[in-house]
Every structure is written in structure tokens, then in C-alpha cells.
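# Topology and contacts: notes
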Amino acid sequence: MEIITNLHWIKGLSSNIYLWEGEDGLVMVDSGRPGDADRITGYIESIGHDLTQLKGILITHADYDHAGAVAAIQERSGAIIYTGEQSAELLTTGKSPNHFPRVMQFLLDRFFHYPPLTKNSIRVVQDREAISDQSQWSIISSPGHSPDHHSFYSSFNSILFAGDALKSSDDRLQISSSRISSDPVELRESAVALLRLNPSVFACGHGPPVHGHSADMVMALARQLDG
Ligand SMILES: [Zn+2]
């Protein structure tokens, strides 16, 4: 569904996928699980585009439920993948990063590989960089959920794609679970830094996007996490 003009939310099997309709084509953020590929393709067609108009895919981190369909969508579209250095490495092997409790991590590493990307489809991004072909989106390193995690922010559109640095539940922003984080202290620092951007739209990896909220609510959460 279209949340605000040009920003679409696709509810995947277990995580969110976002689409931005920019002047120079479509940009997608995260890709859901492997089984989400047809849902994404169908949605793009339903809003009057085809996959060749998808120019970039921003991947917040290489978890199975965020990177699962990226290879299928990349193959159908030819889009360039933007992600961090460690995530890029994992995307070429189809493995999720290390940040789950032991048994869960073991099962994931053993049974939940996703189709890998080829190296030449990926552009590695750095903190504070603006994405070269999609200049309105800048990169913010936001580790803690996983060791390599990036959020994507447009000050012009006042939209933040937070990935799993934040989540939402019952229309409220929350920090994501420390139980499945690689570093709870980093997770909190990343969350505070993102909240302080105070965007109009928080598009998180899990839970409905948050918008039309009060800035006070966001700042109160930032203060609470910072204290
Ligand atoms: Zn997730």
C-alpha cells in the first residue's frame, strides 16, 4: 500500500519491503524472504511499473528475512544492490550474519540459506555516503542488531528506512530485541542516533511504518534510551 506519496509498503512473509518511486526510477529497501519474490513483482506491476524500472535495492543487513528474495529480484530487474561491506560478503554466499542465540543461529546457518548474489551486482556503501545514482538517499551505519547494519535516510523527503535498528508495534516505535542483537549497547546507540533525525516517516523492518506521530514521542524515546 502507498503510505505517503511515492512511498509503498509491501508486507512480506515476515518482514517489510519498501518501494520508493523516484524521478529516476524505483528504489526498493530490503527484499523479504525467498518466497516474497513473486509478491514484490506482482506489487510493482500493480502500480503500473515493470521490474526493469527498479534501479536500486538497498539492503539493511543480510538476514534471511531481509535478503531472501534479493537475488531473484536482481535477476529479473538488473537493479544495483547497495549494502555494507560485511553484508555484501554474506549476500554472495546466501548466509545470515551472526547475532542470534546459539541454537537459532545453528539452525539458520544449517537450513536457511537464501539464493546468493553475484559480486558484480553489489556496490558497497560507507557511513554518511550518498548513494551515487540515487543522491537523495544517504547511508547511516546503524550496527547492533547485526554487526554490519545500515539505515537509509532522506532529509529532503523526511523518510528513514531503519531496518532492524528500530521496530514498531501498536503504532509505537521501539528498540528491536536485544536478545537477537549482536551488541545491545551499539543497538541502543544506533537507535538513539536514528531517533534524533526525527523524520516524518519511520519505515522499520518489522511492524507497520510509523508516521503522523508527534516529534515529542520520538524525542521522549530517544531520551529514555539514552539515559
Ligand atoms: Zn528482521
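The structure reproduced in this document is the subject of the present report.

### Let's talk about empty space enclosed by the protein
Regions of empty space are outlined by a rolling probe, equal in size to a water molecule, passed over the atoms. On inspection of all chains with the given rule, the structure shows one cavity of 30 Å³ or more. As a volume, the largest cavity reaches approximately 40 Å³. Listing elements by their share of the lining of the largest cavity, those giving two or more residues are β3 (16–22), β10 (159–163) and β13 (201–204). Considered class by class, the residues forming the lining of the largest cavity number five nonpolar, four polar and one charged.

### Observations regarding the sheet that holds β13
An order of β8-β9-β10-β13-β14 is seen for the five strands of this open sheet, with the pairing classed as mixed. Of all strands in the sheet, those with a lone pairing partner are β8 (138–141) and β14 (210–211), marking the two edges. In this structure, β10 lies alongside β13, joined through four bridges in parallel fashion. The residue bridging Gly163 from the neighbouring strand is Cys204, located in β13.

### Considering the side chain of Ser31
Inspection of the secondary structure puts Ser31 in the loop between β4 (25–29) and α1 (37–46). Under the relative-accessibility criterion, Ser31 is labelled buried at 0%. A distance of 3.2 Å separates a polar atom in the side chain of Ser31 from the backbone nitrogen of Ala69. Leave out the neighbours within four places in its chain, and Ser31 touches Ile17, Asp36, Ile40, Ile59, His66, Ala67, Gly68, Ala69 and Val70.

Reading the values: the criteria
- Residues numbered from 1 in each chain as written.
- Predicted model: local features only at pLDDT ≥ 70, side-chain atom pairs only at ≥ 80, totals over all residues.
- Heavy atoms only, no water.
- 1 Å grid on protein atoms, 1.4 Å probe; cavity = no way out; pocket = protein on both sides within 12 Å on 5 of 7 lines; lining within 4 Å.
- Points joined across faces, edges and corners; volume = space filled by probe spheres on them.
- Helix = DSSP H or I, 4+ residues; strand = E, 2+ residues; numbered from the N terminus.
- Nonpolar A, V, L, I, M, F, W, Y, C, P; charged D, E, K, R; others polar.
- Pairing = 2+ DSSP bridges.
- Buried < 20%, exposed > 50% of the residue type's maximum accessible area, 1.4 Å probe, protein only.
- Polar contact = N/O pair within 3.5 Å; in protein donor to acceptor, adjacent residues only side chain to side chain.
- Contact = heavy atoms within 4.5 Å.

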